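Per-entry structural report
Each chain, written out:
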Amino acid sequence: MRALRVAVPVLVAVGFFVGDVVDQPIAEAVPVAADVDTLSVAGVDPAAERAQGEASVPLEIVDSVIQGADPGEATVDDTEPEILTSPMVTDDFSVVGVTWDADSVPSADTIVSVRIREAGTWTMWQVLEPIDGAPDPGTEDAVNSAGIAATEPIITTDADAVQVRMDTVSGDTPTDVEAVVIDPGTSPADDPAARNGAARSSAQAAAAVPAIITRAQWGADEGRRSCTNTTMSSLKAAVVHHTAGSNNYSRGDSAGLIRGIYAYHTGTLGWCDVGYNFLVDRYGQVFEGRGGGVTQAVRGAHAGGFNEGTFGISAMGNFDTIGAPDVMVDAIAGVVAWKLQGSYRDPAGTTSLTSAGGGTARYAAGTTVTLPVVMGHRDVGSTACPGANLYAKLGYIRQRAIDLIGAGLVGPALSSVSQPAGGTFRATAGAIGDQTWRFSVLDPCTGAVLTDQSGTAARSRPIDVTWDGRRRDGATAPPGTYQVSLSSASSGTGAPALSRTWSVNVTGSSVTPPVTTGGGAPQPGLFMPIAPTRVLDTRESTGPLGAGETRSVVVTGSGGVPTSGVSAVALNVTSTCSAGTPTSYLTVWPAGESRPGTSSLNTSSADTSAAHVVSAVGVGGAVNVYNDTGSTQLIVDVVGYYTSTGAGARYVQVDPRRVFDSRSDGGLLTSGAERVVDLSGQAGTPPTGMSGAILNVTVAGSQGQGYVTVFPTGQQRPATSTVNLVPGADVANRTAVGLVNNQFTVYAAGGPTHVVVDLVGYYATGGAGSTYHPMTPARLVDTRSGQGGVEGPLQEGGEASVRVAGVAGVPGDARAVVLTVTGDQTSSVTFATVWPGAAARPNTSDLNLRPGRTRANTVVASVGTDGTVRLYNDRGTTQLIVDVVGYYR
């Protein structure tokens, strides 16, 4: 953009202002509406032509600067102007530009000159460069400005009159010519004293985020934006511009000058936004330009044909005849370092860009050009921008940016983001200077570091490092998602490390269930509690379950579970590190049977989920686990089994009752805390003869990630979890636990958290009680579809009756049923309770719910005298799904 040729005093550098955060508070920052006025321009005023005189005709300037040509390469045919106005008195303005009908005379054949009355004194004639090359062809900016020929706007101060001259190479006279003068208005926030910012020494290394005056702070009227700015995939280069115009503005004028440029770009030209990504004033103040460009790679409208992959920084003023102040140049270098550092570019390097053509682009559309990573507008456009003196500073800006970055990764790349188990991943990167690099591979699910390597690099010695797909112990890493990180820091400077992280997949073949013709009818059994034992952890073995994948898990023959005589198992099934979809569900059923249309556990990519599952054991002593969508890591712990050999305990259902509540007994459980709960003397329980219990364990008010485990008192604490903590949410899980002297222990890891335990039944070693009969899961109720006679969500305080006796294979004399109850489409934080029909509702919860999360829990409920169980919802509305997996009788 062409400079105004105005004599100005030399400026003194006053400091380089940067800060650690983007948004700095500014007083009373409010949108300011600019006042835009248009003056009709036509004809040749004889008096103006006589007054101009031969010595004042600006064609000497025109010959040397038109489209960036060398002197004498481009001239007009005669010295007679096609248009020359008389001096036009206006209201005060700070920005001026000229527009005309592009169909009358192309902008490339037109020379527009103006002179401005500033503070009562007329400036010299100035040539305004054409602007039609700023947007890339086909973009919304270009489409909106189609048919408009215009000059770059120039900035001024204390101006109240303008005179316009137009000369054309062809001799044709432009039509519909207007001079656009803009008063940007004022705001209390224009006062620099209202801005807060920390000064940082310009000698300090590391490319910190500069202190940026945001759009809100400089008073951008967002109502002027007519279309959505486009985000690019990457940034390859920085293009340095200048706005042209006066250099005599004060620090407090800068925000208003930017508002004027913004009004011209959007209102006069119809662009989506201001064309530049950043603007820097002569005091080193950095302003946000095109919206979103601070945190994203937003395509601007600043370098026609070469906006894709670049960002534009415009220096406010004319730097064709005077030098840019040091503080301005350093501020430009700071922005360049910060943006290029985050894009892994070398400020001293080159890049390949392909021209989109159009306007004043130096290269035809489709031409690929090798260009400096830090360039001036004149490198890609037919223009003198950013002025000879600022262009001469580009070498300093490049080196200053390198010094600020310190350590820089250049074009870091990974050979592949997916390899089969045992495959090799290779990371490469250039280095900006002497630096130390570190390469690591992390399992984000477990936090384990699989490899950690380091070395040194320099410009002449790039980084090249590999990972062979193995863990530190030499074992092949199982299938799953891992984080590969390459970081680099300047040797001996203490500057912060810069890094590039990739998410990679180690793939492996799916584990399919055994192919069988069925395992026969499940046998009834008595319960045998065992110390919780892990039988599967895909994080350490087979890798996550993919979408639609089934894993067969052998549960007999290990961890205290016999190889034969096992009719069913009590499991704690945990889903963690889910990915690829916000939610999914798991189904558990006996191997050899067809997969039922039910769910056992609902998963979420937002947290870890666990559920108590009772399943019949199928062919090969196995159960199958199916994942519906996305992927998830699966953990399966056995907490007990049901045997058909005659040994074991019978189940006795009791009215649900609270047996422990840390909110009234001992307070929060901190990490590592244990609480012993004694069931002796609880109403309805015998003083002896209890081998295990069915509990509902709820965590409430958790203040951090973690888990809670319940286990038999006096036994070694297992490395398993009963329920996982979700900060700010109540989470419940049903579990079976063995008892020692009628006691169990509650252990917390992480947190802190409150724990609430409700007893719903126990296992007796005497003759009393019921035998468990496992089933293939079957759906009883789905309020979403009205299945089971309950249609629509349960309202606040709503109840519903569900018949279970004599339905879906449950006999009419069943004493209790084992259900999976799922809550979906919940509108409020709430809980659901399940209890025997025709009985009073207990003051306990079976399922805790919150909006946006589908959750399931196992419920063991007595069958009412009327053959039903009842459902209750406490708050808001929720859909409920009920599946039966077995019964007691």
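Before going into details, it helps to say that this report is about the structure given with it.

Rules behind the numbers
- Residues numbered from 1 in each chain as written.
- Predicted model: local features only at pLDDT ≥ 70, side-chain atom pairs only at ≥ 80, totals over all residues.
- Heavy atoms only, no water.
- Helix = DSSP H or I, 4+ residues; strand = E, 2+ residues; numbered from the N terminus.
- Contact = heavy atoms within 4.5 Å.
- Areas by Shrake-Rupley, 256 points an atom, 1.4 Å probe, with all protein chains shown as cover.
- Core = buried A, V, L, I, M, F, W, Y, C linked by side-chain atoms within 4.5 Å.
- Buried < 20%, exposed > 50% of the residue type's maximum accessible area, 1.4 Å probe, protein only.
- Axes fitted to C-alpha atoms, helices over the stretch in contact; angles between N-to-C directions.
- Parallel < 35°, antiparallel > 145°, perpendicular 65-115°, else oblique.
- Left-handed = near helix turned anticlockwise from the far one by under 90°.
- Nonpolar A, V, L, I, M, F, W, Y, C, P; charged D, E, K, R; others polar.
- Phe/Tyr/Trp six-rings, centres within 6.5 Å; stacked < 30°, edge-to-face > 60°.
- Lys NZ or Arg CZ within 6 Å of the ring centre and 35° of its normal.
- Disulfide = S-S within 2.5 Å.

Remarks on the overall build of the chain
If you tally the helices and strands in the chain, you get eight helices and 49 strands. In the chain, once contacts between residues fewer than 6 apart in sequence are set aside, the share between residues at least 24 apart is 79%. Carbon and sulfur atoms make up 47% of the accessible area of the chain, which amounts to about 31,800 Å² in all.

A short note on the nonpolar core
The tendency in soluble globular proteins is for nonpolar side chains to be buried side by side. Among the nonpolar cores identified, the biggest contains 65 residues, and F278, I332 and V336 are the most heavily contacted of them. Considering each element in turn, this core owes the most residues, ten residues, to helix α6 (residues 326–342). Membership of the second largest hydrophobic core comes to 30 residues, among which are M690, V699, V723 and L725.

Structural notes on the environment of A401
Structurally, A401 can be placed in helix α8 (residues 394–405). We classify A401 as buried; its relative accessible area is 0%. Those residues within four positions of A401 in sequence are excluded, and the remaining contacts are A333, V336, A337 and P347.

Examining the packing of α6 against α8
The N-to-C vectors of α6 and α8 enclose an angle of 55 degrees; their axes lie 8 Å apart at closest approach. The orientation of α6 with respect to α8, classified from their angle, is oblique. Crossing angle aside, the handedness with which α6 passes α8 is right-handed. When α6 is examined against α8, the residues V329, D330, I332, A333, G334, V336, A337 and Q341 are found in contact with a partner set consisting of Y396, I397, R400, A401, L404 and I405. Across the contact of α6 with α8, the residue classes tally to ten nonpolar, two polar and two charged.

Quick notes on the environment of I432
On the secondary structure map, I432 appears in the loop between β20 (425–431) and β21 (435–442). Separated by 25 residues in sequence, I432 and A407 place their C-alpha atoms 6.3 Å apart. Filtering out sequence-adjacent residues up to four positions away, I432 remains in contact with R345, D346, P347, I402, I405, G408, V410 and R459.

Side note on the packing of aromatic side chains
Centre distance and the angle of the planes are the two values used to describe a pair of aromatic rings. Scanning the model with the defined rule gives 17 aromatic pairs in all. Between Y642 and Y763, the aromatic rings sit 6.4 Å apart at their centres with planes inclined by 65 degrees, giving edge-to-face as the arrangement. Linking Y642 in strand β33 (residues 631–643) with Y763 in strand β41 (residues 754–764), this pair joins segments that are 121 residues apart in sequence. The class of Y642 is buried, set by a relative accessible area of 2%. With relative accessibility at 0%, the residue Y763 sits in the buried group. Put simply, the rings of F527, Y642, Y651, Y763, Y772 and Y888 touch in pairs and so form one group of aromatic residues. When the ring centre of Y872 is taken as origin, the NZ or CZ atom of R841, which lies over that ring, is 3.7 Å away.

Digging into the state of the cysteines
The final tally for this structure, using the stated rule, is two disulfides. Covalently, C227 is tied to C272 through a disulfide, its sulfur atoms 1.8 Å apart. Linking C227 and C272, the disulfide has an S-S dihedral of approximately -110 degrees and is accordingly described as left-handed. Residue C227 is found in the loop between α4 (215–218) and β11 (237–242), and its partner C272 is found in the loop between α5 (254–268) and β12 (278–280); the two are separated by 45 residues along the sequence. A relative accessible area of 11% means that C227 is categorised as buried. Between the sulfur of C445 and that of C577 lies a disulfide, 2.0 Å long from S to S. Residues C445 and C577 share a disulfide whose torsion about the S-S bond is about 105 degrees; that sign makes it right-handed. Of this pair, C445 sits in the loop between β21 and β22 (449–457) while C577 sits in strand β28 (residues 566–579); the two residues are 132 residues apart in sequence, bridging distant segments of the chain. According to the relative accessible area criterion, C445 is buried, its value standing at 16%. A residue is classified by how much of its surface remains accessible, and C577, at 31% relative accessible area, is partly exposed.

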